[in-house]
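# Geometric and topological summary
This is what each chain is made of:
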Amino acid sequence: MRIHRVRLQDVRGIDACEVEFDPHGITVVAAPNESGKSTLVDAIRLVLNDRRRARATAQEVRDLQPAGRDVGSVVEVELAVGDHHLVVRRRYNRQPEDVLAITAPTTEQLTGDEAHDRLTEILARHVDVGLLDALWLQQGRDLDTLALGQTSLSARLDAASGGASTGGDDLLVRVDEHHAQWFTPTGREKADLTRLDARVEELQAAAHDLRARLAEIDTESGELDEVERTLPGLERDLTEALEPALEAARDDRRSLQALQSQRETLQARFEQADTVCAAARDALDRRRAATESIATLTDRVAAVEEQLQPSDDELADLAERRRSAQETARDVQEALRAARRDGEHAQWRVDLLEASEEHARRNGRLSRARAVIDDAAEAQAAVDASRIDDDLFTEIGDADAAVRMLEARVDAGAPTVRLRAVSELSGDIDGEAFQLAEGDALERSVRAHLRLRLPEFELEVVAGDPDHDVHDELDVARRHLADRCERAGVEDLSEAERLVTQRRAHEQTLRQRDVLLDRELDGASLDGLADTVEASRARIDQLFARRPEAQDTDEEPDTTGSADATDLDEARRTRDACTRATDAAELVHQQAAADLADIVERHESMRDRHAERRRELDGLRRELERDRSQLASERASRADDDLSRALVEATTTRDAAREALDAADQRLAALDPERVELVETAACNARDAALEHLGRLRQRRTELGVRLATVGAEGLGEQLTDTEAQLERAELDQERERRRAQAARLLRDELHAARDELHRAYRAPLRDRIVRMSSLLLGEDVAIELDDELRIATRTRGGTTLGWHQLSAGAREQLAILTALAAAQLAGDDGVPFILDDALGYTDPQRMAALGALLGRTEGAQVIVLTCVPERFRTTGARTVPLLTS
């Protein structure tokens, strides 16, 4: 079913409106909210539902009547159903009327009940009610997935999969019952099989244990014989070799310990003698140092007293020179201040002129940047208004070339009519006028027929049996060219070329905009440049506000416009002259300051040195007196000769102790203490290891004897023979039962796999189309699974699988639209329109653009979009029809 046209009159808030739809593509109907979009859909639904239910309810009919107006509400729908082309017109409320006009395949005009019955018959035979309801997505619908399993689409998918069906269920039930004897519904083995496996495993473990125990007994018997052979030799080695070697090593260690104790005593004596010797040497050294220090201090006191002769005349001369230098520095300072004032005023004048020039330059850049932006805005508006781009122009060119190629093929296979004028002649061919002079000729190809009109007669030439395939291709190519031209809003290729050339010129303006702006703005924004203009104006005001004082006042420059180059150069020359004068005054001031600082430094340095020498002399005198008093006190208690004799005696005692200690070290080194300790440790370790090994062998001999005596009476060989016989019988039972169970499982798995394969083939065309469109929408790999009712059960994206109700509202809305679009395309010419009534409330702008592009690529289906925001569907490339009501 395809809807071609709808006309409403006096329906709800609509006085009159008429909308035409593209029967084989997408039509976008745009209108604001509360303007009648949903009324349009409700009216179509009422007419078709009325035919299916025989009559609409009284409330539905009353809802059509405009409030406060006693008029009849008229709904007229032109549609194609199967091979029927018909117009349904019905008036509700006032003077009800039913009219059905059928124009194809035969002409019929019916009214009243006959119109009702005939329309009901046509709709019942050609329209799938369930699919019609599923593909009408209204505003405010819930976000549940679409169920298409009970519609005509199911039969079409069944045919596309090769007539897949789910027959053979009785056999599958019997196989499942047979499988249930050994397995649970989830595939786990039942107790009968697991008991057989457990019995086999139990006997296998028992036989393995018996074999292991017998092997262990053989190993332990050999081990006992080896222990009996080894024990006597170990006992002899311990008694005759290891213990005597250990006792000899211990005697060497005791001798070493006695010598080490003697050496420690000698070390202590030497250290005590060395301490006494060092103390005597320190006492004598301190006495000699004290004597030398007193002599040195005496010489220093004499030298300082000789140097302390005051220089009063030199200090007075320096003081006078200091006063004179201070007066000179004050005069130079005042001259420097005057020069700096003149320089500041000259610099202010230069700054003011430069700020004026910078203000004019920035203001010019701002004006040029604004002009570039205005030109770019005009170009952008032209580009936005253009309906053609390079891709569409290429499609038009390709379509035009295809038409010309097919026309050439038709002309090549068509007969040709040649006309030669024997005298001046005029007429027309297929409505195209021509005029020939005497002797001129005219030639035309006859594709299907040709009509030649001359003043005296009319001639019609009909071609023979044409190549219908080429003609059909030519018709398709012309429609394709006309469709692309209509999308671009042009008549032919030449107009398209003119418009795309204009668009490219505007796009070039847009591309140059950034270059020109970058040049004018120089990295700043437009607002930033405007701010700099204001800042330069504020800079001029600030300069005027803080104008410095000058010794000679001049007339100030005019800063209302750009600065005059002559005034600025003159101001800079004046500033440079003032700068040179200031620099000269600065040098004079620096020299005067340096001279003053030098004199002050010399005067204060001499005064400080004199005071420092006086303090130094006083300190030296006090130190000399203290050292003399201390030395006299020490000599009174112990004379210098006594200190020398004590040092000689302590040195002799220390040397004797050193000789005795060295002799003890030589005797100790001859014994090699490290070797003695190592030999003792090795002998002890060898004796301990032998004792430990001997103890382990004796214990193991006892354990093996007791164990072999115990297990000899258990009869392990007989037990092993009986267990192996039971194991053989159990394994035979297990193998027989498992073969039967595996046969049942294999048969059940094969049958279920075959049924699942049929179901997958049944769902594959719809699922694959949804997956392909979802991948284009999301830009990545997407997987979709459908249930038996052809509803989306899960969606996998980026390795993550989510159920339908786990998806976000936007994702569910987008998948529902893609499902409806895929169903409409698969249903083809026998399907129903896909109507989208302001249902995109959860989709973000990026996905909305991609979804619009997918809708624009619709082929083999009719899509009707009703929206209050037509910009959402700009990417469809479809014709937008405004809903004009009166």
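Everything quoted here is computed from the prediction, not taken from an experiment.

### Re the overall build of the protein
- Across its full length, the protein holds 18 helices and 20 strands.
- Within the protein, buried positions represent 36% of all 886 residues.
- Considering only contacts within the protein whose residues lie at least 6 apart along the sequence, 72% involve residues at least 24 apart.
- Roughly 51,300 Å² of accessible area belongs to the protein as shown, and the carbon and sulfur atoms make up 48% of that amount.

### Some words on the sheet that holds strand S5 (residues 84-92)
- Taking strand neighbours across the sheet as the criterion, the 6 strands line up as S2-S1-S4-S5-S6-S7 in an open arrangement whose pairing is antiparallel. On the outer flanks of this sheet lie strand S2 (14-20) and strand S7 (108-111), each paired with one strand and no other. Pairwise comparison of adjacent strand axes, ignoring direction, gives a mean angle of 10° for this sheet.
- Across 7 bridges, the pairing between S5 and strand S6 (residues 97-104) is antiparallel. Counted as the bridge partner of Val88 is Leu100 from S6.

### Some points on the sheet that holds strand S17 (residues 800-803)
- Strand order in the open sheet made by the 3 strands is S15-S16-S17, with antiparallel pairing throughout. Each having just a single partner strand, strand S15 (782-786) and S17 make up the two edges of the open sheet. Looking at each pair of strands side by side, their axes are set apart by 20° on average, direction ignored.
- Note: strand S16 (residues 792-797) against S17, 4 bridges, orientation antiparallel. Pairing of Thr796 across the sheet is with Thr801, part of S17.

### Notes on the pairing of strand S3 (residues 26-30)
- Judged by how many residues are buried, S3 sits mostly within the fold: 5 of 5 residues are covered.
- Side-chain alternation along S3 places Ile26, Val28 and Ala30 on one buried face and Thr27 and Val29 on a second face that is also buried.
- In this sheet, strand S19 (residues 863-867) lies alongside S3 in parallel orientation, the contact comprising 5 bridges. Across the sheet, Ile26 pairs through a bridge with Val863, a residue of S19.

### Concerning the pattern of salt bridges
- Tallied over the full model, the rule gives 48 salt bridges.
- Residues Glu97 and Arg91 are paired through a salt bridge, measuring 3.1 Å at the closest nitrogen-oxygen approach.
- Judged by its relative accessible area of 29%, Glu97 is partly exposed.
- In this structure, Glu395 engages Arg484 in a salt bridge whose closest nitrogen and oxygen atoms are separated by 2.9 Å. Here Glu395, found in helix H9 (residues 390-413), pairs with Arg484, found in helix H10 (residues 468-488); they are 89 residues apart in sequence, far enough to count as distant.
- The exposure class of Glu395 is partly exposed, given its relative accessible area of 30%.
- Bridged by salt links that share partners, the residues Arg5, Arg7, Glu18, Glu76, Glu78, Arg89, Arg91 and Glu97 form one connected network.

### What about the nonpolar core?
- Ranked by internal contacts, the top residues of the largest apolar core, which has 80 residues, are Leu8 and Phe834.
- The dominant element in this core, judged by the number of residues it contributes, is helix H17 (residues 809-827), at 10 residues.
- Discounting chain neighbours no more than four positions away, the residues touching Leu8 are Ile14, Asp15, Ala16, Cys17, Thr39, Leu40, Ala43, Val74 and Val75.
- Counting 17 residues, the second largest nonpolar core, distinct from the first, contains Leu474, Ala477, Leu481 and Ala496.

### Here we look at the packing of aromatic side chains
- By the definition in use, this model includes 1 aromatic pair.
- Residues Trp348 and Phe544 carry aromatic rings whose centres are separated by 6.1 Å and whose planes lie at 80° to one another, so their mutual orientation is edge-to-face. Of this pair, Trp348 sits in helix H8 (residues 312-385) while Phe544 is found in helix H12 (residues 526-545), placing the two residues 196 residues apart along the sequence.
- The exposure class of Phe544 is partly exposed, given its relative accessible area of 38%.
- Of note, Arg658 hangs over the ring of Phe270, and the distance from its end group to the ring centre comes to 4.6 Å.

### Digging into the side chain of Arg575
- Mapped onto the secondary structure, Arg575 falls in helix H13 (residues 565-637).
- In this structure the side chain of Arg575 is engaged in a polar contact, spanning 3.4 Å, whose partner is the side chain of Asp576.
- The residues touching Arg575, leaving out its near neighbours within four places in the chain, are Ala346, Gln347 and Val350.

### Details of the environment of His506
- With respect to the helices and strands, the residue His506 is situated in helix H11 (residues 493-521).
- It is 6.6 Å that separates the C-alpha atoms of His506 and Val383, two residues lying 123 residues apart in sequence.
- Residues within four places of His506 in sequence aside, it is in contact with Ala379, Ala382 and Val383.

### Details of the packing of helix H7 (residues 191-307) against helix H14 (residues 640-671)
- Look at H7 against H14: their axes get within 8 Å of each other, and the N-to-C directions meet at 160°. In terms of orientation, H7 lies roughly antiparallel with respect to H14. Considering how the two elements wind past one another, H7 and H14 form a crossing that is left-handed.
- Here the residues of the contact of H7 with H14 are counted per class, giving 20 nonpolar, 6 polar and 10 charged.

### Topic: the layout of surface pockets
- Quantified by volume, the largest pocket comes out at close to 1,600 Å³.
- Elements represented by at least two residues in the lining of the largest pocket include exactly H8, H9, H10 and strand S20 (879-882).
- In terms of residue count, H10 provides more of the lining of the largest pocket than any other element does, 7 residues in total.
- Each residue belonging to the lining of the largest pocket can be placed in one class, and the counts come to 10 nonpolar, 10 polar and 17 charged.

Analysis parameters
Residues numbered from 1 in each chain as written. Predicted model: local features only at pLDDT ≥ 70, side-chain atom pairs only at ≥ 80, totals over all residues. Heavy atoms only, no water. Helix = DSSP H or I, 4+ residues; strand = E, 2+ residues; numbered from the N terminus. Buried < 20%, exposed > 50% of the residue type's maximum accessible area, 1.4 Å probe, protein only. Contact = heavy atoms within 4.5 Å. Areas by Shrake-Rupley, 256 points an atom, 1.4 Å probe, with all protein chains shown as cover. Pairing = 2+ DSSP bridges. Axes fitted to C-alpha atoms, helices over the stretch in contact; angles between N-to-C directions. Salt bridge = Lys/Arg side-chain N within 4 Å of Asp/Glu carboxyl O. Core = buried A, V, L, I, M, F, W, Y, C linked by side-chain atoms within 4.5 Å. Phe/Tyr/Trp six-rings, centres within 6.5 Å; stacked < 30°, edge-to-face > 60°. Lys NZ or Arg CZ within 6 Å of the ring centre and 35° of its normal. Polar contact = N/O pair within 3.5 Å; in protein donor to acceptor, adjacent residues only side chain to side chain. Parallel < 35°, antiparallel > 145°, perpendicular 65-115°, else oblique. Left-handed = near helix turned anticlockwise from the far one by under 90°. Nonpolar A, V, L, I, M, F, W, Y, C, P; charged D, E, K, R; others polar. 1 Å grid on protein atoms, 1.4 Å probe; cavity = no way out; pocket = protein on both sides within 12 Å on 5 of 7 lines; lining within 4 Å. Points joined across faces, edges and corners; volume = space filled by probe spheres on them.

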